[in-house]
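# Results of the structural survey
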Amino acid sequence: MLGIDLSGKRAFIAGVADDRGYGWAIARAMAAAGATICLGTWPPVMRIFRMSLKRGRLDRSLPGGGELEIEKIYPLDAIFDTPEDIPAKYRDDKRYRAVDGYTIQEVADTLRADFGDGCLDILVHSLANGPEVRKPLIETSRSGYLAAISASSYSLVSMVQRFGPLMRPGAAAVSLSYLASERVIPGYGGGMSAAKAALESDTRVLAFEAGRRWGMRVNTISAGPLPSRAASAIGLIDRMVEYYRTNAALPEVNTADDVANAAAFLCSPLGAGITGATLHVDKGYHVMGIAAEPQL
């Protein structure tokens, strides 16, 4: 039987802070396939996340049985590349004072110190933030636009740049995109559509550059909407979900597990020939040209 086998591989999944998003689902799927899991969590929610884990408030069950084991959780704020990039307002913020080593370079250095060179096989970028996402693009400020690009797309470039040297032969990276990179999604503003378009463009270039430099594959998944805590910032996520349910080629909504299984496949030996790709996991919604007629 041909199955996804990630035995002996270590995955670092950036952008996990609860059990409702795609990042957590990907961690569960990869663990079920045999991978060892490390997580990167935003410093302001690190304490709450650890407490939720300790008190058993998160769904750690694995498909097929067993429980998700996390090797280590690292604080990570992917808008900072090095300690020199951290403004004073963050250094003085009580939510950040409780942790250290949370820039991308510091996390890479800590991983090397913890596990040695050649310690990673899989890098998952489940990161996105646009402080003005509820504003139409035409009303978005320069700072809001650039913040969306920084957190949601350049962070992938920086992570591949700094984690690449830690990757073992056959390594793979995968990120999460959205159809707003290709189509107009009213209500998805603040420069986030441009950030997702940049993410997909950078995926293609990184597939070439990281592939030639480290033999690393880089792909992205254009996922349908998920009513996660992070997505609630958009403000119309429930409407988006219902619209997909009505108008997708398969009249339903993709689940977090659908996306997680696709990510596990892309990062497994079964996906060895795939790089630079944007894979749509949205029940076929992206192929539709007009709204579907009601089924009579």
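Quick caveat: nothing in here was measured; it's all calculated off a predicted structure. (Residues numbered from 1 in each chain as written. Predicted model: local features only at pLDDT ≥ 70, side-chain atom pairs only at ≥ 80, totals over all residues. Heavy atoms only, no water.)

### Structural notes on the pattern of salt bridges
As a reminder, the rule being used: Counted as salt bridges are all cases of a side-chain nitrogen of Lys or Arg within 4 Å of a carboxyl oxygen of Asp or Glu. Helix numbering and strand numbering both begin at the N terminus, where a helix is a DSSP run of H or I of at least 4 residues and a strand a DSSP run of E of at least 2.
Inspection of every chain in the model, using the stated rule, returns 12 salt bridges. Taking the shortest distance from any N to any O, the salt bridge between R28 and D257 comes out at 3.3 Å. Of this pair, R28 sits in helix α1 (residues 22-32) while D257 is found in helix α9 (residues 256-266), placing the two residues 229 residues apart along the sequence. Each of D109, R112 and D117 takes part in a single network of salt bridges with overlapping partners.

### Some points on the packing of aromatic side chains
Selection criterion: Centre distance within 6.5 Å is the pairing criterion for rings of Phe, Tyr and Trp, where only the six-membered ring of Trp is used; planes under 30 degrees apart are then read as stacked, over 60 as edge-to-face, and the remainder as tilted. Each residue's exposure class comes from its accessible area (1.4 Å probe, protein chains only) as a fraction of the maximum for that residue type: buried when under 20%, exposed when over 50%, partly exposed otherwise. Criterion for a charge above a ring: Arg CZ or Lys NZ at most 6 Å from the ring centre, at most 35 degrees from the ring normal.
Counted by the stated rule, this structure contains 10 aromatic pairs. Between F12 and Y74, the aromatic rings sit 6.0 Å apart at their centres with planes inclined by 55 degrees, giving tilted as the arrangement. Of this pair, F12 sits in strand β1 (residues 10-14) while Y74 sits in strand β3 (residues 70-75), and the two are 62 residues apart along the sequence. On the basis of relative accessibility, which here comes to 2%, the residue Y74 falls in the buried class. Ring centres 5.3 Å apart and planes at 85 degrees place the aromatic pair Y90 and Y96 in the edge-to-face group. Three or more aromatic residues link up through ring pairs in this structure, and these residues are F80, Y90, Y96 and Y102. The ring of F115 is capped by R10, whose NZ or CZ atom sits 3.8 Å from the centre of that ring. Lying over the aromatic face of W214, R213 brings its terminal NZ or CZ to 5.7 Å of the ring centre.

### Some words on the state of the cysteines
What counts here: In this description, the term disulfide denotes a pair of cysteine sulfurs within 2.5 Å.
In the structure shown here, the tally under the stated rule is 0 disulfides. Note on C119: no disulfide assigned, nearest cysteine sulfur contributed by C38 at a separation of 8.2 Å.

### A few points about the nonpolar core
For clarity, the threshold we go by: Residues enter a nonpolar core if they are buried and are Ala, Val, Leu, Ile, Met, Phe, Trp, Tyr or Cys, with the set joined through side-chain atoms within 4.5 Å. The contact definition used throughout considers only heavy atoms, calling two residues in contact when any of these lie within 4.5 Å.
One finds I13, W24, M30, I37, L39 and I221 to be the most contacted residues of the largest nonpolar core, which totals 41 residues. The element contributing the most residues to this core is α1, with 8 residues. Those residues within four positions of I37 in sequence are excluded, and the remaining contacts are A11, I13, A27, M30, A31, L68, E69, I70, E71 and K72. Formed by 29 residues, the second largest nonpolar core is a distinct cluster that contains I104, V157, A173 and A207.

### Let's talk about the side chain of S153
By the secondary structure assignment, S153 is in helix α6 (residues 142-163). Here S153 falls in the buried class, since its relative accessible area comes to 1%. Sequence-distant contacts of S153, that is, excluding residues within four places in its chain, are made with A148, A195, A198, L199 and D202.

### Some details on the sheet that holds strand β6 (residues 217-223)
The following threshold applies: Note: two strands are recorded as paired if DSSP finds a minimum of 2 bridges between them. Fitted lines through C-alpha atoms serve as axes, helices being fitted only where they are in contact, and the angles separating the N-to-C directions of these axes extend from 0 to 180 degrees.
An order of β3-β2-β1-β4-β5-β6-β7 is seen for the 7 strands of this open sheet, with the pairing classed as parallel. Lying at the two open borders of the sheet, with one neighbouring strand each, are β3 and β7 (278-281). On average, adjacent strands in this sheet sit at an angle of 20 degrees to one another, irrespective of strand direction. Sheet topology places strand β5 (residues 167-177) next to β6; 6 bridges connect them, and they run parallel. Its bridge partner being in β6, S177 is matched across the sheet by S222. Contacts between helix α5 (residues 104-115) and the sheet are confined to β1, β2 (36-41), β3 and β4 (120-125), with β3 contributing the most and set at about 150 degrees to the helix. Packed onto the sheet, α9 meets β5, β6 and β7 and runs at close to 165 degrees relative to β6.

### Some thoughts on a positive patch on the surface
Heads up, the condition is: The patches described consist of residues with a relative accessible area above 30% and no salt bridge, like charges being joined within 9 Å and nonpolar side chains (Val, Leu, Ile, Met, Phe, Trp, Tyr) within 5 Å. Exposure was quantified through the Shrake-Rupley algorithm and a 1.4 Å probe, taking into account, for residues, occlusion by the shown protein chains and nothing else. Counted as positive: Lys and Arg. Counted as negative: Asp and Glu. His and the chain ends are not counted at all. Where a charge lies is defined by one atom per residue type: Lys uses NZ, Arg uses CZ, Asp uses CG and Glu uses CD.
Residues R47, K54, R55 and R57 make up a contiguous surface patch of positive charge. Mapped onto the secondary structure, R47 falls in helix α2 (residues 43-54).

Geometric values such as these leave the question of function open.
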